[in-house]
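In case you want the letters, here they are:
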Amino acid sequence: MAQSDPGQPELPLNGADAAPDLNIDQPAANGTGSYDASDIDVLEGIEAVRRRPGMYIGSTGQAGLHHLVYEIVDNSVDEAMAGHATRIDVALQPGGWVQVRDDGRGIPTDKHAKTGKSALETVLTVLHAGGKFGGGGYKVSGGLHGVGASVVNALSSQLEVEVRRDRYSHTQAYVRGVPTGSVKRRRLGSEATPPTGTMVRWIADEQVIDHLDYDFHTLAQRFREVAYLNKGLWICFRDERNFPADATERERAELEPLDEKNFYFEGGIQSYVRFLNRDREVLQPLPFHLDREVGVNGTAVVVEVAIQYNADFQDSVYAFANTINTHEGGSHLTGFRSALTRAINDFARRNKQLGEKDPNITGEDTREGLTAVVSVKLSEPQFEGQTKTKLGNPEIKGIVESATAEALAEYLDGQPREGRRIVEKCLTTARAREAARKARAIVQRKGALEGASLPGKLADCSERDPSLSEIFIVEGPSAGGSAKEGRDRRTQAILPLRGKVLNVERARLDKLLGHEAFRTLITALGTGIGEDFDLSKLRYHKVVIMTDADSDGAHIRTLLLTFFFRHMRELIDDGKLYIAQPPLYRVKAGKQAEWLYTDADLEAFMDKQKEGQKKVSVQRFKGLGEMNADQLWETTMDPQARLLWSVDIADEHAADDLFVKLMGDDPAKRRHFIEQHADLARIDV
Ligand code: 0RA
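Keep in mind that this is a model prediction, so the values were computed, not measured.

A. The arrangement of the overall build of the protein in detail. Helix and strand content of the protein: 20 helices and 25 strands. Relative to its full complement of 685 residues, the protein shows a buried share of 52%. Within the protein, residue pairs in contact and separated by at least 24 positions form 71% of the contacts whose partners lie at least 6 positions apart. Summed over all atoms, the accessible surface of the protein reaches about 31,100 Å², with 49% contributed by carbon and sulfur.

B. Representation of the sheet that holds strand β10 (residues 288–296) within the structure. Judged by pairing direction, the sheet is mixed, and its five strands sit side by side in the order β10-β11-β14-β12-β13 without closing on themselves. The open sheet has two edge strands with one neighbour each: β10 and β13 (324–325). The pairing of strand β11 (residues 299–309) with strand β14 (residues 370–377) spans eight bridges and is classified as antiparallel. When the bridges of β14 are listed, Ala 306 appears paired with Val 373. Against the sheet, helix α9 (residues 331–350) engages β11, β12 (315–321) and β14, with an angle of about 135° to β12.

C. Summary view of unusual backbone geometry. A cis amide bond, omega -10°, links Thr 193 with the succeeding residue Pro 194. Locating Pro 194 in the fold gives a position in the loop between β6 (184–187) and β7 (197–204). Residue Asp 166 is not a glycine yet carries a positive backbone phi of 50°. Of note, Asp 166 is situated in the loop between β3 (156–165) and β4 (168–175). Residue classification places Asp 166 among the exposed residues on the basis of a relative accessible area of 57%. Residue Asn 322 is not a glycine yet carries a positive backbone phi of 50°.

D. Geometry of the packing of α9 against helix α10 (residues 395–414). Put simply, α9 and α10 touch, their axes get as near as 7 Å, and they point 30° apart. The orientation of α9 relative to α10 falls into the category roughly parallel. You can see that α9 and α10 cross each other, and the crossing is right-handed. Where α9 abuts α10, its residues Ser 331, His 332, Thr 334, Gly 335, Phe 336, Ser 338, Ala 339, Leu 340, Arg 342, Ala 343, Phe 347 and Arg 350 lie against Ile 396, Lys 397, Val 400, Glu 401, Thr 404, Ala 405, Leu 408, Ala 409, Leu 412 and Asp 413. A class-by-class count of the residues in the contact of α9 with α10 yields eleven nonpolar, six polar and five charged.

E. Here's a closer look at a negative patch on the surface. On the surface, Glu 594, Asp 599, Asp 601 and Glu 603 cluster together to form a negatively charged patch. Counting residues per element, the negative patch draws most heavily on helix α17 (residues 599–609), which supplies three residues.

F. Region of the structure containing the side chain of Thr 326. You can see Thr 326 is positioned in the loop between β13 and α9. Thr 326 sits in the buried class, given a relative accessible area of 3%. A polar atom in the side chain of Thr 326 sits 2.6 Å from the backbone oxygen of Ala 319. When residues no more than four places from it in sequence are discounted, the contact partners of Thr 326 are Ala 319, Phe 320, Ala 321, His 332, Phe 383, Thr 389 and Leu 391.

G. Region of interest: the sheet that holds strand β21 (residues 585–589). With respect to topology, three strands assemble into an open sheet ordered β22-β21-β23, the strand pairing being antiparallel. Of all the strands in the sheet, just β22 (592–596) and β23 (616–620) have a single pairing partner and so form its edges. Neighbour-to-neighbour, the strand axes of the sheet open up by a mean angle of 15°, direction not taken into account. In this structure, β21 lies alongside β22, joined through five bridges in antiparallel fashion. Along β22, the bridge assignment pairs Tyr 585 with Leu 596.

H. Structural detail: the nonpolar core. Counting residues in each nonpolar core, the largest one holds 61 residues, and the members touching the most others are Trp 202, Tyr 214 and Phe 223. Of the residues forming this core, the biggest block, nine residues, is contributed by helix α3 (residues 62–81). Residues in contact with Phe 223, not counting those within four places in the same chain, are Val 69, Tyr 70, Val 73, Val 90, Ile 235, Phe 237 and Phe 263. Phe 288, Val 301, Leu 408 and Cys 426 belong to the second-largest nonpolar core, a separate cluster that totals 40 residues.

I. Structural detail: the pairing of β3. Within β3, nine of the ten residues are buried, leaving the element largely enclosed by the surrounding structure. The sheet contact formed by β3 and β7 spans eight bridges and is antiparallel. When the bridges of β7 are listed, Val 161 appears paired with Val 200. Pairing between β3 and β4: seven bridges, direction antiparallel. Bridging from a neighbouring strand, Val 161 pairs with Gln 172 of β4. The antiparallel pairing of β3 with β4 creates a hairpin that spans two residues between the two strands, and Asp 166 there sits at a positive phi of about 50°.

J. Focus on the layout of surface pockets. The computed volume of the second largest pocket comes to approximately 1,400 Å³. Considering the residues around the second largest pocket, the lining is formed by 41 residues, among which Phe 313, Gln 314, Asp 315, Arg 566 and His 567 are closest to the centre. When residues of the lining of the second largest pocket are traced back to their parent elements, those giving at least two are β12, α9, α11 (416–449), α13 (509–513), α15 (551–567), α16 (569–573) and α19 (652–663). Here the lining of the second largest pocket is composed, by residue class, of 14 nonpolar, ten polar and 17 charged.

Calculation criteria
Residues numbered from 1 in each chain as written. Predicted model: local features only at pLDDT ≥ 70, side-chain atom pairs only at ≥ 80, totals over all residues. Heavy atoms only, no water. Helix = DSSP H or I, 4+ residues; strand = E, 2+ residues; numbered from the N terminus. Buried < 20%, exposed > 50% of the residue type's maximum accessible area, 1.4 Å probe, protein only. Contact = heavy atoms within 4.5 Å. Areas by Shrake-Rupley, 256 points an atom, 1.4 Å probe, with all protein chains shown as cover. Pairing = 2+ DSSP bridges. Axes fitted to C-alpha atoms, helices over the stretch in contact; angles between N-to-C directions. Parallel < 35°, antiparallel > 145°, perpendicular 65-115°, else oblique. Left-handed = near helix turned anticlockwise from the far one by under 90°. Nonpolar A, V, L, I, M, F, W, Y, C, P; charged D, E, K, R; others polar. Patch = residues over 30% accessible without salt bridge, like charges linked within 9 Å, V, L, I, M, F, W, Y side chains within 5 Å. Salt bridge = Lys/Arg side-chain N within 4 Å of Asp/Glu carboxyl O. Lys, Arg positive; Asp, Glu negative; His and termini not counted. Charge placed at Lys NZ, Arg CZ, Asp CG, Glu CD. Polar contact = N/O pair within 3.5 Å; in protein donor to acceptor, adjacent residues only side chain to side chain. Core = buried A, V, L, I, M, F, W, Y, C linked by side-chain atoms within 4.5 Å. 1 Å grid on protein atoms, 1.4 Å probe; cavity = no way out; pocket = protein on both sides within 12 Å on 5 of 7 lines; lining within 4 Å. Points joined across faces, edges and corners; volume = space filled by probe spheres on them.

Limitation: the analysis is restricted to geometry and does not speak to function.
Shown next, in the form of structure tokens:
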């Protein structure tokens, strides 16, 4: 195929002998030159995928594009999980190609009983013909991405596959899912590396996919996760988009890629938990780690759990099934939680940290400062829920629960110092929660007694329909004054905040509620907080943070974002949180004045003035308070003219991480980060 397609780089058949091509099947499957039923099925399958790509890969945007990569990589990961592959090489290449190679057994190439074609062609052209055919299939395989390589093929303008098995290299090429020829077979040279395995490379079809804009960082994040979840698996990911399009495999090895990341973790999820806690003060030097294979009804279930408590208050528990992140939880998570609660209570009683009359530590109290990863691998995962990320299999709950409870009891008894520290932490949580409950009750009672009166500092709007109302949270009294004066009173409320806002990353809810600024904010929003939080009670459907464009402003904005992320996450997820963008400059060319919002705008403006003869002046705005009421309205608050950013958490781990760094214990790190990333969560227009 490489020969018949001179415009494309040669297939990487390192050291292959130049043996003559040998067809193992005919271009038209039945050998008569006409289509038979299975060919028609294939074409219909391809058409269905191309007509409704969203059904198979979620979207035709960047997420869908990345989905194609995960799909192909997952097949190689499955081969690794089955114990046959040790490394996966992924490369972004010039011309929109992505290449994935593993050193597994290679997709079978013999004749497939049902289709009469090679198994290889079948896997790549027949929907749902992946992995599990024949007796020698997988023990476990991914579920979410499991739409099959044929879907990637159908959505690729070109795809090439090479399988190395039994000293032969088998290759085939496709255009939009349809083979351009038969599977070609050549004898492999003895030094070919790897001697066995599968290589797939493709160009996503721009007739279907919006743009081929791969994000190295996003893809790398997933590969890191996959490597943690498969200890001993090596994943090498390279950005080779800078290479010449016609570089051979040998030349590629010598060139310097734009970026390269290698992921390999001997400790598996134990390493993962240490990584998640890397910037936190931990209560156990080494995470608890359980890795066990449990037999049930003749099949094996792998249960892996890692736990390490830290001195913070967040609950960071990540659950996976067959390396799919089960965001919606499921039976494995339920089993894990019961085991944790039971093991901690039993230990606390054995150690007399809980008296006979004391109530049990609740599940919730065991989760503050808990960082844990739960990973199960099973042969028939049932994925349920809105986004198919909830593990359904009921038998898994008991399996995870008993394995975890038993191993954890043993661990705590063997490490009583750590055990006592963990119990102490849970008891502190229980006390703090009781205090928070009382504090919340006071906030609510106050609200009720004063006839749901709103805080005095709030300049409310007259509109009563939340969907038409906005609230601006404004820093500093002078800015608050301008905003109150300049606003549209009917729809815009102003809440001025005074001074530094408490750092909520490090504070519990009870402490937070002790601060006037937060009580005022919560009361103004109307949602309540903690267990009583109710998004449907939100009084404004646009909550806008409006702070100065300097580093103090960035700091306060970060604190507020942290508060919303930790305590009103639903409000962010529902797209109700915004950031106002005040202008950075007021420029004048002659009599013509203009507001500019970015440095790029200023550069463009200055370029334009180079030809002009006009008198130019540039004024930099440091604070909202420097603008009068009319200016603030005109530039920042007027719905017709303003720039408003909607806050959106693109990557939960990254956001969590960022908040820990930003708001955590290390002041040097914090300062550095605030300077580097004034805007944290991904902010979309
Ligand atoms: C089915 C059976 C066998 C291997 C594979 C599929 C396989 C699929 C992929 C996809 C990417 N890499 C892969 N590696 C292997 C086992 C065949 C045997 O028994 O040798």
